[in-house]
Amino acid sequence: MTDVLIFDGEVLRGPTDLFLQDGLISRVGEGPVPSGAEVVNGGGNTVLPGLIDSHVHYDPPTALIPSAVRFGVTTQLDLYSAPDPKRTAELKRTGMLEESDLITAGFLATAPGGHPPRNSDLPRLEHPEETESWVDARVEEGSEFIKVVVESTDMPTLRPETVSALVQAAHNRGLIVVAHANFLDDVTVAVEAGIDGLAHALAAPAYPDELLTRMVDQQVFVTTTMGIIHDSADREILRDPLMEALSASARAHLGRGLRGYTDLFDPQELRQSVQQAFQAGVPVLAGTDAPNLGTLPGVGLLVELDLLVLAGLSPVEALRSATSAPATSWGLHDRGRIHPGLRADLVLVEGNPTEDITALRRVVRTFRLGHAVEPLTT
């Protein structure tokens with residue numbers, strides 16, 4: 001690609017050139033074009049690392065749920081879906097080029113009768129002595145990290161000693177542990193157990209200082225998922241021409257809040273807690289909880305980045321939350337930045353999203369391992 005601004009995952013540089021070869025980034029900067037190379041003129045637009053959504057639940061692309069890669073999302077962290085060995089084998093780090101990479105927790109850890117309440121297929125557990133075999137079973141199924149539910153609002157949840165035992169068992173196998181925890185008491189239990197990340201923003205305006213300090217010391221990341229809890233200020237994107245590429249049912253899905261949650265959470269409090277965590281030095285990762293009501297794979301991450309800017313982050317800081325920050329927190333060292341030797345998972349957009357985050361809505365082309373994927377057309 002010639003004549004492109006490059007957001008490399010941290011800062012903007014250029015205009016300059018970007019060279020791809022054999023699915024990798026081979027050179028950043030001007031230089032001779034190899035004989036026979038395909039030349040793409042970037043027209044002064046911006047190329048970024050492929051975006052990373054740090055919280056989804058896998059559903060195959062349909063008319064309602066188009067492929068996230070067409071919105072520039074090249075990696076998705078699946079925080080719970082039933083194990084699918086065939087799909088795991090297809091997607092594991094090499095990928096189906098028309099879809100995002102999917103890195104999955106498989107089944108989540110939860111108590112009998114706990115969240116999610118209506119899934120009878122979950123292999124639930126209760127006691128600390130069950131945790132070693134439970135984690136071993138997930139590894140056998142192909143899980144690449146572990147998710148644990150800590151939610152004591154109106155249903156049973158795992159006891160603190162069981163959460164701690166799960167974290168230890170997972171860490172002994174080199175696995176990251178992320179916790180579903182929304183409220184302060186549950187977040188405290190999860191952090192004290194030694195988890196690596198939180199799957200949601202805190203449903204309160206502020207963290208206590210002692211807890212926040214501990215999170216910074218442990219580098220516990222926070223995943224945002226603000227888009228499923230929204231007010232009218234959050235949905236300017238519904239009036240964007242991009243929506244013309246979605247079906248009417250998809251637009252309706254995106255415009256609704258997650259049933260049962262919108263009455264429990266205040267959007268402004270979520271934004272305040274995210275801003276406080278970020279300012280304190282907690283890694284903040286953009287995640288959607290797609291395809292729940294109020295969000296969708298791909299386009300939902302664009303909403304999430306809008307909300308991060310609304311919460312007080314700069315566009316550059318918001319972009320880091322979907323590129324270099326998740327690459328660091330999840331240990332995905334082959335992506336999330338533009339640097340020679342890394343995967344050529346990239347997105348080219350019209351304009352400059354480091355100045356205007358909504359430029360991400362104008363995808364020119366996504367690259368998966370150097371393979372060009374065309375955007376949705378309006």
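Higher on the page you've got the structure.
What comes next concerns the included structure. Fair warning: this is a prediction, and the values are worked out from it, not measured in the lab.

### What about the sheet that holds strand E6 (residues 51-56)?
Piece 1. Pairing within the open sheet is parallel, and its three strands lie in the order E6-E7-E8. Two strands close off the open sheet at either side, each with one partner strand: E6 and strand E8 (101-104). Taken over all neighbouring pairs, the strand axes of this sheet differ in orientation by 20° on average, direction set aside.
Piece 2. In this sheet, E8 lies alongside strand E7 (residues 73-78) in parallel orientation, the contact comprising four bridges. By the bridge assignment for E8, Asp 78 is matched with Thr 104.

### Let's talk about the packing of helix H2 (residues 131-141) against helix H3 (residues 160-172)
Piece 1. At a minimum axis distance of 9 Å, the contact between H2 and H3 shows a crossing angle of 45°. The angle between H2 and H3 falls in the class oblique. In this structure, H2 crosses over H3, and the sense of that crossing is right-handed. On H3, the residues that touch Thr 131, Glu 132, Trp 134 and Val 135 of H2 are Thr 162, Ala 165, Leu 166, Ala 169, Ala 170 and Asn 172.
Piece 2. Residues belonging to the contact of H2 with H3 are distributed by class as follows: six nonpolar, three polar and one charged.

### Focus: the sheet that holds strand E15 (residues 363-368)
Piece 1. Spatially, E2-E1-E5-E14-E15-E16 is the arrangement adopted by the six strands of the open sheet, whose pairing is mixed. Edge positions in the sheet fall to strand E2 (12-16) and strand E16 (371-373), since each of these pairs with one other strand and no more. With strand direction ignored, the average angle separating the axes of adjacent strands in the sheet is 25°.

### Section: the pattern of salt bridges
Piece 1. Using the criterion set out here, one finds 18 salt bridges in the structure.
Piece 2. Arg 335 is the salt-bridge partner of Asp 101, the closest N and O atoms lying 3.1 Å from each other. Remark: Arg 335 occurs in the loop between helix H10 (324-329) and strand E14 (346-349) and Asp 101 occurs in strand E8; sequence separation between them is 234 residues. As far as the burial class goes, Asp 101 and Arg 335 line up, both buried.
Piece 3. In this structure, Arg 159 engages Glu 161 in a salt bridge whose closest nitrogen and oxygen atoms are separated by 2.8 Å.
Piece 4. Salt bridges sharing partners connect three or more residues here, namely Asp 101, Asp 334, Arg 335, Arg 343, Asp 345 and Arg 368.

### A short note on the environment of Gly 257
Piece 1. Following the sequence through the fold, Gly 257 ends up in the loop between helix H6 (248-255) and helix H7 (267-280).
Piece 2. Judged by relative accessible area, which is 22%, Gly 257 ranks as partly exposed.
Piece 3. C-alpha of Gly 257 to C-alpha of Gly 294: the two residues are 37 residues apart in sequence and 4.5 Å apart in space.

### Some details on helix H5 (residues 209-218)
Piece 1. Residues of H5 that are buried: Leu 211, Leu 212 and Met 215. Burial along H5 is one-sided: seen end-on, the buried residues are contained in an arc of 100°. Turned more than 90 degrees away from the buried face of H5 sit Asp 209, Glu 210 and Asp 217, all of them exposed.
Piece 2. As for H5, its buried residues are in contact with helix H4 (184-193), strand E11 (197-198), strand E12 (221-223) and H7.

### What to know about the packing of aromatic side chains
Piece 1. Evaluated as defined, the whole model comprises three aromatic pairs.
Piece 2. Among the aromatic residues, those joined into a cluster by ring pairs are Phe 145, Phe 221 and Trp 330.
Piece 3. The aromatic ring of Phe 19 is capped on one face by Arg 27, whose charged end is 3.8 Å from the ring centroid.
Piece 4. The residue whose ring lies beneath Arg 138 is Trp 134, and the NZ or CZ to ring-centre distance is 4.6 Å.

### What about the environment of Asp 154?
Piece 1. The topology assignment puts Asp 154 in the loop between strand E9 (146-149) and H3.
Piece 2. Taking the C-alpha atoms as reference points, Asp 154 and His 115, separated by 39 residues in sequence, lie 9.5 Å from one another.
Piece 3. There is a polar contact of 3.3 Å between the side chain of Asp 154 and the side chain of Thr 153.

### With respect to the environment of Phe 367
Piece 1. As for its position among the elements, Phe 367 is in strand E15.
Piece 2. Given a relative accessible area of 6%, Phe 367 falls into the buried group.
Piece 3. Along the chain, Phe 367 and Leu 97 lie 270 residues apart, while their C-alpha atoms are 8.6 Å from each other.
Piece 4. Discounting chain neighbours no more than four positions away, the residues touching Phe 367 are Met 1, Leu 20, Thr 74, Ala 344, Asp 345, Leu 346 and Ala 372.

What counts, and at which threshold
- Residues numbered from 1 in each chain as written.
- Predicted model: local features only at pLDDT ≥ 70, side-chain atom pairs only at ≥ 80, totals over all residues.
- Heavy atoms only, no water.
- Pairing = 2+ DSSP bridges.
- Helix = DSSP H or I, 4+ residues; strand = E, 2+ residues; numbered from the N terminus.
- Axes fitted to C-alpha atoms, helices over the stretch in contact; angles between N-to-C directions.
- Parallel < 35°, antiparallel > 145°, perpendicular 65-115°, else oblique.
- Left-handed = near helix turned anticlockwise from the far one by under 90°.
- Contact = heavy atoms within 4.5 Å.
- Nonpolar A, V, L, I, M, F, W, Y, C, P; charged D, E, K, R; others polar.
- Salt bridge = Lys/Arg side-chain N within 4 Å of Asp/Glu carboxyl O.
- Buried < 20%, exposed > 50% of the residue type's maximum accessible area, 1.4 Å probe, protein only.
- Arc of directions from axis to C-beta.
- Phe/Tyr/Trp six-rings, centres within 6.5 Å; stacked < 30°, edge-to-face > 60°.
- Lys NZ or Arg CZ within 6 Å of the ring centre and 35° of its normal.
- Polar contact = N/O pair within 3.5 Å; in protein donor to acceptor, adjacent residues only side chain to side chain.

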